[in-house]
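Residue strings, one per chain:
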Amino acid sequence: MSTSVITLDKICKGFTDGDKFHQVLDHVDLHLQRGDTVALTGPSGCGKSTLLNIIAGFERPTSGTLSLLGAPTTQWNDARWSEFRHQQLGVVFQQFNLLTPLNVEDNIAFPLHLNNERWTPWCDHLVDTLGLCALRKRHVETLSGGQQQRVAIARALAHKPALLLADEPTGNLDQQASLEVMRLICALAAEHHTSILMVTHSQECAEFMQRRWHLDLGKVHE
Ligand SMILES: Nc1ncnc2c1ncn2[C@@H]1O[C@H](COP(=O)(O)OP(=O)(O)OP(=O)(O)O)[C@@H](O)[C@H]1O
């Protein structure tokens, strides 16, 4: 399968800090096909989260063109971005953004409700593999950081998205749980051709991905 999932064409992004302009992404060209898995590395503050935020539509580039699933996003309005995020995207960002009035099960089911889908055996598999069985009815604000991270991973994968964007998705987990998560997302990539772009500082986690992108001084090197 060779469908284009992400294309960045000369993407620039900068921030103004007082009277200084800080160029974080400098004419970045990238291409990710359906089923590609990529580990994104780079020093702290180089712009990894900014790059993921642009691809998810949470931030706009200063210039350049971002295409998703073959369509340029330049003219997308909020409704079109929401449709893409609900149907095609799973995100695990550093702030888990769980829905605090809800329990674990309802958080995981949330993307299914948005798409008028029902709980599936795949969701049970996620709950089981991520060690959440005993926590299904617990309110998420009562969980530890690692437990919340596992709920965020399950929620991101429940609707089998075409694209998973993950920012240090195993940062709060022990080694055994990290390996389980990596095996789980790789199985999804293999079976469902989900593309993965994952920020990680862990060499062990990066080795699960097929490709490496290194971001530094505004440029991405493969
Ligand atoms: N909204 C903003 N306003 C001003 N500067 C910002 C903003 N967002 C990010 N930056 C700056 O852009 C640079 C890149 O930040 P970003 O969070 O993308 O880096 P990162 O590579 O993800 O870092 P880390 O590995 O530490 O999480 C940093 O210098 C940061 O201060």
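Residues numbered from 1 in each chain as written. Predicted model: local features only at pLDDT ≥ 70, side-chain atom pairs only at ≥ 80, totals over all residues. Heavy atoms only, no water.

### Focus: empty space enclosed by the protein
Part 1 of the argument: Tallied over the full model, the rule gives one cavity of 30 Å³ or more.
Part 2 of the argument: Volume-wise, the largest cavity comes out at about 30 Å³.
Part 3 of the argument: Around the largest cavity, the lining residues are Val 92, Ile 153, Ala 156, Leu 157, Leu 164, Ala 166, Pro 169 and Ile 185.
Part 4 of the argument: Residue assignment for the lining of the largest cavity shows that the elements contributing at least two residues are helix H5 (145-157) and strand E7 (163-167).
Part 5 of the argument: It is H5 that provides the largest number of residues to the lining of the largest cavity, a total of three residues.
Part 6 of the argument: Of the residues belonging to the lining of the largest cavity, the class tally is eight nonpolar, no polar and no charged. (1 Å grid on protein atoms, 1.4 Å probe; cavity = no way out; pocket = protein on both sides within 12 Å on 5 of 7 lines; lining within 4 Å. Points joined across faces, edges and corners; volume = space filled by probe spheres on them. Helix = DSSP H or I, 4+ residues; strand = E, 2+ residues; numbered from the N terminus. Nonpolar A, V, L, I, M, F, W, Y, C, P; charged D, E, K, R; others polar.)

### Points about the side chain of Gln 147
Part 1 of the argument: Mapped onto the elements of the fold, Gln 147 is located in helix H5.
Part 2 of the argument: Given the relative accessible area of 19%, Gln 147 is considered buried.
Part 3 of the argument: Side-chain polar atoms of Gln 147 contact the backbone nitrogen of Ser 144, separated by 2.8 Å.
Part 4 of the argument: Ignoring sequence-local partners within four residues, the contact set of Gln 147 consists of Leu 132, Leu 135 and Arg 138. (Buried < 20%, exposed > 50% of the residue type's maximum accessible area, 1.4 Å probe, protein only. Polar contact = N/O pair within 3.5 Å; in protein donor to acceptor, adjacent residues only side chain to side chain. Contact = heavy atoms within 4.5 Å.)

### Section: the site of the ligand
Part 1 of the argument: Every one of the 13 residues lining the ligand counts as a neighbour, but Ser 44, Gly 45, Lys 48, Ser 49 and Thr 50 are closest to it.
Part 2 of the argument: A distance of 2.6 Å separates an oxygen atom of the ligand from a polar atom in the side chain of Ser 44.
Part 3 of the argument: Between the ligand and Lys 48 there is a distance of 2.8 Å, counted from an oxygen atom to a side-chain nitrogen or oxygen.
Part 4 of the argument: Bound to the protein, the ligand loses 60% of the 640 Å² it would expose on its own. (Near = heavy atom within 4 Å. Areas by Shrake-Rupley, 256 points an atom, 1.4 Å probe, with all protein chains shown as cover.)

### With respect to the pairing of strand E1 (residues 4-17)
Part 1 of the argument: With ten bridges connecting them, E1 and strand E2 (residues 20-33) associate as antiparallel partners. Residue pairing for E2: Phe 15 is matched across the bridge by His 22.
Part 2 of the argument: Count of turn residues in the E1/E2 antiparallel hairpin: two residues, of which Gly 18 carries a positive phi of about 65 degrees.
Part 3 of the argument: Note that E1 and strand E4 (residues 63-68) share five bridges and pair antiparallel. Following the sheet pairing, Leu 8 is matched in E4 by Leu 66. (Pairing = 2+ DSSP bridges.)

### Brief notes about the layout of surface pockets
Part 1 of the argument: Here the largest pocket defines a volume of roughly 540 Å³.
Part 2 of the argument: Along the walls of the largest pocket sit 23 residues, with Phe 58, Arg 85, Val 91, Asn 97 and Arg 155 positioned nearest its centre.
Part 3 of the argument: Taken together, the residues that form the lining of the largest pocket break down as eleven nonpolar, nine polar and three charged.

### A short note on the sheet that holds strand E5 (residues 71-72)
To summarise the sheet geometry, strands pair through backbone hydrogen bonds and adopt either a parallel or an antiparallel arrangement.
Part 1 of the argument: Spatially, four strands are ordered E2-E1-E4-E5 in an open sheet, and the strand pairing comes out antiparallel. Each end of this open sheet is capped by a strand with a single partner; those strands are E2 and E5.
Part 2 of the argument: Across the sheet, helix H1 (residues 48-55) lies against E1, E2 and E4, angled at about 125 degrees from E1, the strand it touches most. (Axes fitted to C-alpha atoms, helices over the stretch in contact; angles between N-to-C directions.)

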